[in-house]
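Structural features, examined
What follows is each chain in one-letter form.
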Amino acid sequence: MSIRRTTKAARGAVAMASTVGLALVVAGCGGGGDGGDGGAGGIRADGAKQPPARATTPKGEGPGSPAADSSKVIGEMKGPDGIVITLHSVIRDSGGFVTVSGTVTNHGTRAFNAINWRSNETELRSRSSISGATLVDKAGKKRYLVLRDTNGECLCTTGLSGLLPGASRPVFAQFPAPPAKVTEVDFQLPTMPPASVQITD
């Protein structure tokens, strides 16, 4: 009798320990609200608020997304080695995002790699992207960084390498939206001069 009771008690204790352990694992997997993985709202390193990032491709020139109207030019950035970015649109959407769309063209004499345009954030996976782009609200003195998804990829053009002389490629980058009253911002990329652009809805 005592052996049977002891066995039942041991089984009950094991079952309870397993249940508590499983609950702790599930709680640990739940997303926190600190924005550390880019999947939840939080504060970026510069103090700007970051809304939840979308894992889907935003409006712009990513895979499966519509191309911007390349006939419309709202700004231009000319950098070293004949690299030119022509900006076509800066659109605010209802989800609290701003998407910058443009075209990069290599007017130089050698292939271009976007290694200098990537962010210094170690969490970002792609090394050939425009993840180092920023939107600057000069009046509000705030800088907005490119959003990233839960896989550590920026919500921007990636794989931007080996752009041959004379070739062009559409590019995009998505940012948290500044307050609705902010209609003019500077779009910036490392090694390139900034371009003042108007945000449209």
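See above for the structure.
Residues numbered from 1 in each chain as written. Predicted model: local features only at pLDDT ≥ 70, side-chain atom pairs only at ≥ 80, totals over all residues. Heavy atoms only, no water.

1. Observations concerning the environment of aspartate 186
So the rule is basically this: Numbering of helices and strands starts at the N terminus; helices are DSSP runs of H or I of at least 4 residues and strands are runs of E of at least 2. Here, two residues are considered to be in contact whenever any of their heavy atoms come within 4.5 Å of each other.
Structurally, aspartate 186 can be placed in strand β9 (residues 184-188). Distance from aspartate 186 to aspartate 137, taken between C-alpha atoms, is 6.8 Å for residues 49 residues apart in sequence. Apart from the residues lying within four places of it in its own chain, the contact partners of aspartate 186 are Thr134, Leu135, Val136, Lys138, Pro194, Ala195 and Ser196.

2. What to know about the state of the cysteines
What counts is decided by this rule: Sulfur atoms of two cysteines make up a disulfide when they are within 2.5 Å. For the exposure calls, accessible area comes from a 1.4 Å probe over protein chains only, and a residue counts as buried if that area is under 20% of its type's maximum, exposed if over 50%, partly exposed in between.
Under the counting rule described, the total for this entry stands at 1 disulfide. The disulfide that involves cysteine 154 links it to cysteine 156, with 1.8 Å between the sulfurs. When the S-S torsion is -70°, as for the bridge of cysteine 154 with cysteine 156, the disulfide is left-handed. Note on cysteine 156: relative accessible area 5%, which makes it buried.

3. A word on the pattern of salt bridges
Defined as follows: Within this document, salt bridges are pairs made up of a side-chain nitrogen of Lys or Arg and a carboxyl oxygen of Asp or Glu, the two lying within 4 Å of each other.
Scanning the entire structure with this criterion turns up 4 salt bridges. When the shortest N-O distance is used, the salt bridge between arginine 92 and aspartate 201 registers 3.4 Å. Taken together, the positions of arginine 92 in strand β4 (residues 83-93) and aspartate 201 in the segment after β10 (195-198) put the pair 109 residues apart, joining distant regions of the chain. The class of arginine 92 is buried, set by a relative accessible area of 14%. A relative accessible area of 76% places aspartate 201 in the exposed class. One salt bridge in this structure joins lysine 138 and aspartate 186, with 3.5 Å as the shortest N-O distance. Of this pair, lysine 138 sits in the loop between β6 (134-137) and β7 (142-145) while aspartate 186 sits in strand β9; the two residues are 48 residues apart in sequence, bridging distant segments of the chain. Given the relative accessible area of 53%, lysine 138 is considered exposed.

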